[in-house]
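Each chain, letter by letter, is given below.
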Amino acid sequence: MTLGSSGGSSVVVPRNFRLLEELERGEKGIGDGSVSYGMDDADDIFMRSWTGTIIGPHNTVHEGRIYQLKLFCDKDYPDKPPTVRFHSRINMNCVSHDNGMVDPKKFGLLANWQREYSMEDILTQLRKEMASAQNRKLVQPPEGTFF
């Protein structure tokens, strides 16, 4: 996130300020409540480990399911995307069947990451991906199973 100044240059918001903004937004609740996120460990002063939740979209095999994810923001976030892993088992074309990792090469938002993107954007786009033609009808593992 950059802030314009009167001189025409831009100021880059430091990583921790950016993560504090995301934390505040996550705690307030987002949109219709179909995605949410927050810190995994409140004592982590580097704000690296996050937990996300996605409620499966209507009219798909995911409807009514609640998916838990782990997001890890390394020291290069937001210049580089976080690693994203489903904790809940899910069958999607961009998720490893072995460990639940979202493959950046198969998930456009991570493959084309921009500094302005956020964890909210990732969760919202994953939810849209669940509703896509290639994922909406895939047979799913039993609900309540985890990687």
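Procedures and definitions
Residues numbered from 1 in each chain as written. Predicted model: local features only at pLDDT ≥ 70, side-chain atom pairs only at ≥ 80, totals over all residues. Heavy atoms only, no water. Helix = DSSP H or I, 4+ residues; strand = E, 2+ residues; numbered from the N terminus. Rg over C-alpha atoms; globule rule 2.2 N^0.38 Å. Buried < 20%, exposed > 50% of the residue type's maximum accessible area, 1.4 Å probe, protein only. Contact = heavy atoms within 4.5 Å. Areas by Shrake-Rupley, 256 points an atom, 1.4 Å probe, with all protein chains shown as cover. UniProt positions renumbered as here; feature names shortened; annotations may be inferred. Pairing = 2+ DSSP bridges. Axes fitted to C-alpha atoms, helices over the stretch in contact; angles between N-to-C directions.

*Asks:* Teacher, can you tell me more about the overall build of the protein chain here?
*Replies:* Across its full length, the protein chain carries 3 helices and 6 strands. Ordered by position from the N terminus, the helices and strands of the protein chain form the series β-β-α-β-β-β-β-α-α. Taken over C-alpha atoms, the radius of gyration comes to 16 Å for the protein chain, in line with the 15 Å a tight globule of 147 residues would show. Considered along the principal axes of its C-alpha atoms, the protein chain spans approximately 55 × 35 × 30 Å. Residues counted as buried form 39% of the 147 residues belonging to the protein chain. Of all intrachain contacts in the protein chain linking residues separated by at least 6 positions in sequence, the fraction that spans at least 24 positions is 54%. If you sum the accessible surface of the protein chain, you get close to 8,300 Å²; carbon and sulfur atoms cover 52% of it.

*Asks:* Mind showing me how you'd approach unusual backbone geometry here?
*Replies:* Only a minority of non-glycine residues have a phi that is not negative, and only a minority of peptide bonds are not trans. Residue Tyr 77 is joined to Pro 78 through a cis peptide bond whose omega torsion reads 5 degrees. Looking at the secondary structure, you find Pro 78 in the loop between β5 (66-72) and β6 (83-86). We note that Met 47 has phi near 55 degrees; this positive angle belongs to a residue other than glycine. Under the relative-accessibility criterion, Met 47 is labelled buried at 6%. The phi torsion at Asn 59 lies on the positive side, around 60 degrees, for a residue other than glycine. Within the secondary structure, Asn 59 sits in the loop between β4 (49-55) and β5.

*Asks:* Explain the UniProt feature "domain: UBC core" (unreviewed entry) in the protein chain here, please?
*Replies:* Feature annotation in UniProt places "domain: UBC core" (unreviewed entry) on residues 14-147, given in this structure's numbering. The straight-line gap between the two end C-alpha atoms of residues 14-147 is 33 Å; of that span, 22% is helix and 17% is strand.

*Asks:* It is not clear to me how the sheet that holds β6 should be interpreted in this structure. Could you clarify?
*Replies:* Across a sheet, paired strands are connected by hydrogen bonds in the backbone, their directions being either parallel or antiparallel. A sheet is described by the order of its strands in space; here 4 strands give the open sequence β3-β4-β5-β6, paired in antiparallel fashion. Each edge of the open sheet is held by one strand with a lone partner, namely β3 (35-39) and β6. Here the strands of the sheet are splayed against their neighbours by 25 degrees on average, with no regard to which way each runs. Across 4 bridges, β5 lies against β6 in antiparallel orientation. Looking at the pairing, Lys 70 lines up with Arg 85 of β6. Sheet strands touched by helix α1 (residues 15-28): β3 and β4. Its angle to β3, the strand with the most contacts, is close to 130 degrees.

*Asks:* Please clarify how the pairing of β4 should be interpreted in this entry.
*Replies:* For a regular strand, the rule is simple: side chains alternate between the two faces of the sheet. Residues Trp 50, Gly 52 and Ile 54 point to one face of β4 and are all buried, whereas Ser 49, Thr 51, Thr 53 and Ile 55, pointing to the other face, are not buried. Both β3 and β4 contribute to a ladder of 5 bridges, which runs antiparallel. Paired with Val 35 across the bridge in β4 is Ile 54. Where β4 meets β5, 7 bridges bridge the pair, whose relative direction is antiparallel. Note that in β5 the partner of Thr 53 across the bridge is Gln 68.

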